[in-house]
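Observations on the model geometry
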Amino acid sequence: MKRLFSILAITGIMAFGTVNANTTANITASIAATVASVSQDDAATDDVVTEDLGFHQELKKRFIEGGPGFMGIVLLCLILGLAIAIERIIFLNLSTTNTKKLTQDVEDALQSGGVEAAKEVCRNTKGPVASIFYQGLDRTDEGIEAAEKAVIAYGGVQMGQLEKNVSWISLFIALAPMLGFMGTVIGMIQAFDKIEAAGDMQPSLVAGGIKVALLTTVFGLIVAIILQVFYNYIIAKIDSIVNDMEDASITLMDLLIRNKK
């Protein structure tokens, strides 16, 4: 009888242990599934946040990752270059003159009121072409050759005014990618220093330095490309104004010769 009770007790304990084991396994599986689901939800949320990042946020993030040292200098090159470029564009647009209309007005003034009337027309007109006309008309009393020399000399002065500070833009165009390449070299040196200190070739040691190197190079090239576009526009605008100055100077000489006769 005692043996029967012992067998029943052992069987009950084993059954209870089996139930507990099954319950524990089920609870563990449920917890694992919940953790996996939460992890997937977090990953999906991170992906959504990453996708929701706009261009400015992404640019700011990359700029910070590139390091404040070289990235700040590259940004300074962009700001100074754009400031000079915008100032030159405004100045050149204000210096643009309707050369055909000015020439016609000067010719009409020479025929109706003489040199003084033509000079008054030039005084009331903005731009380097009108200034050159005024200098040539102001020397007509000394002869055609003196007027021509005055036009040529003052044309050189006006050309210097048009090209003022343009060389700084070309400097920033060359400087920005060079700074980016320097950041690349320094980033690679830092990566190899970490490898040497660790004594092992681990991707995590190299990734940071290479990332900084690539970001500085990319931003340097972007700055150079932006400034190059503005520089080419400014040079084209200067060439156009200079051509108008040369054509107008020849036309002025012809007008003075005809008026002299």
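A few points on the structure. (Residues numbered from 1 in each chain as written. Predicted model: local features only at pLDDT ≥ 70, side-chain atom pairs only at ≥ 80, totals over all residues. Heavy atoms only, no water.)

1. Focus on the environment of Leu102
Its place among the elements puts Leu102 in helix H4 (residues 99-123). With a relative accessible area of 3%, Leu102 lands in the buried category. Distance in space between the C-alpha atoms of Leu102 and Ala248 is 9.1 Å, their sequence separation being 146 residues. For Leu102, the residues in contact, after removing those within four places along its chain, are Thr97, Val121, Thr125, Val129, Ala130 and Phe133. (Helix = DSSP H or I, 4+ residues; strand = E, 2+ residues; numbered from the N terminus. Buried < 20%, exposed > 50% of the residue type's maximum accessible area, 1.4 Å probe, protein only. Contact = heavy atoms within 4.5 Å.)

2. Considering the nonpolar core
The nonpolar side chains of soluble globular proteins are, as a tendency, buried together. Residues Val106, Phe133, Leu137, Leu162, Ile234, Ile238 and Leu252 are the most contacted members of the largest nonpolar core, which totals 39 residues. Looking at this core, the elements that each hand over two or more residues are helix H3 (68-95), H4, helix H5 (128-138), helix H6 (144-162), helix H7 (166-198) and helix H8 (203-260). No other element matches H8, which puts 12 residues into this core. Setting aside residues no more than four positions away along its own chain, Ile238 makes contact with Leu92, Leu162, Glu163 and Val166. (Core = buried A, V, L, I, M, F, W, Y, C linked by side-chain atoms within 4.5 Å.)

3. A few points about the packing of H5 against H6
Where H5 contacts H6, the axes come no closer than 8 Å and their chain directions differ by 150°. Classified by the angle between their axes, H5 and H6 sit roughly antiparallel to one another. Considering how the two elements wind past one another, H5 and H6 form a crossing that is right-handed. Facing Pro128, Ser131, Ile132, Gln135 and Gly136 of H5, the residues of H6 in contact are Ala147, Ala150, Val151, Tyr154, Gly155 and Gln158. (Axes fitted to C-alpha atoms, helices over the stretch in contact; angles between N-to-C directions. Parallel < 35°, antiparallel > 145°, perpendicular 65-115°, else oblique. Left-handed = near helix turned anticlockwise from the far one by under 90°.)

4. Side note on H5
H5 sits mainly inside the fold: eight of its 11 residues count as buried. Within the sequence span of H5, burial applies to Pro128, Val129, Ala130, Ile132, Phe133, Gln135, Gly136 and Leu137.

5. Let's talk about H6
Since the α-helix advances by 3.6 residues per turn, residues separated by three or four positions end up pointing in the same direction. In this model H6 runs 27 Å from its N-terminal to its C-terminal C-alpha over 19 residues, within 8% of the 27 Å that 1.5 Å per residue would give. The set of residues buried in H6 consists of Ala147, Ala150, Val151, Gly155, Gln158 and Leu162. Down the axis of H6, the buried set is contained in an arc of 140°. They therefore lie on one face. Opposite the buried face of H6, at more than 90 degrees from it, the exposed residues are Glu145, Lys149, Ile152 and Ala153. (Expected span 1.5 Å × (residues − 1). Arc of directions from axis to C-beta.)

6. Re the packing of H4 against H5
It is at 11 Å that the axes of H4 and H5 come closest, and there the two elements cross at 30°. Between H4 and H5, the angle falls in the class roughly parallel. By crossing handedness, the relation of H4 to H5 is classed as right-handed. On the side of H4, the interface is formed by Thr99, Leu102, Thr103, Val106, Leu110, Val115, Ala118, Lys119, Cys122 and Arg123, while H5 contributes Val129, Ala130, Phe133, Tyr134, Leu137 and Asp138. Here the residues of the contact of H4 with H5 are counted per class, giving 11 nonpolar, two polar and three charged. (Nonpolar A, V, L, I, M, F, W, Y, C, P; charged D, E, K, R; others polar.)

7. Comments concerning the environment of Ala176
Along the chain, the position of Ala176 falls in helix H7. The class for Ala176 is buried, based on a relative accessible area of 0%. For the pair Ala176 and Thr217, spaced 41 residues apart in sequence, the C-alpha separation works out to 8.9 Å. When sequence neighbours within four positions are dropped, the list of residues in contact with Ala176 reads Val74, Gly220, Val223 and Ala224.

8. Quick word on the pattern of salt bridges
All told, the structure shown has six salt bridges when counted by the stated rule. Across the pair Arg139 and Asp138 runs a salt bridge whose closest N-O atoms are separated by 3.0 Å. (Salt bridge = Lys/Arg side-chain N within 4 Å of Asp/Glu carboxyl O.)

9. Brief notes about the side chain of Gln158
In this fold, Gln158 is placed in helix H6. Those residues within four positions of Gln158 in sequence are excluded, and the remaining contacts are Pro128, Ser131, Ile132 and Met245.

10. Concerning a nonpolar patch on the surface
Nonpolar side chains collect at one region of the surface, where Phe181, Leu221, Ile225 and Val229 lie side by side and expose about 390 Å² of accessible area between them. By residue number, the principal contributor to the nonpolar patch is H8, which donates three residues. Note that Ile225 resides in helix H8. (Patch = residues over 30% accessible without salt bridge, like charges linked within 9 Å, V, L, I, M, F, W, Y side chains within 5 Å. Areas by Shrake-Rupley, 256 points an atom, 1.4 Å probe, with all protein chains shown as cover.)

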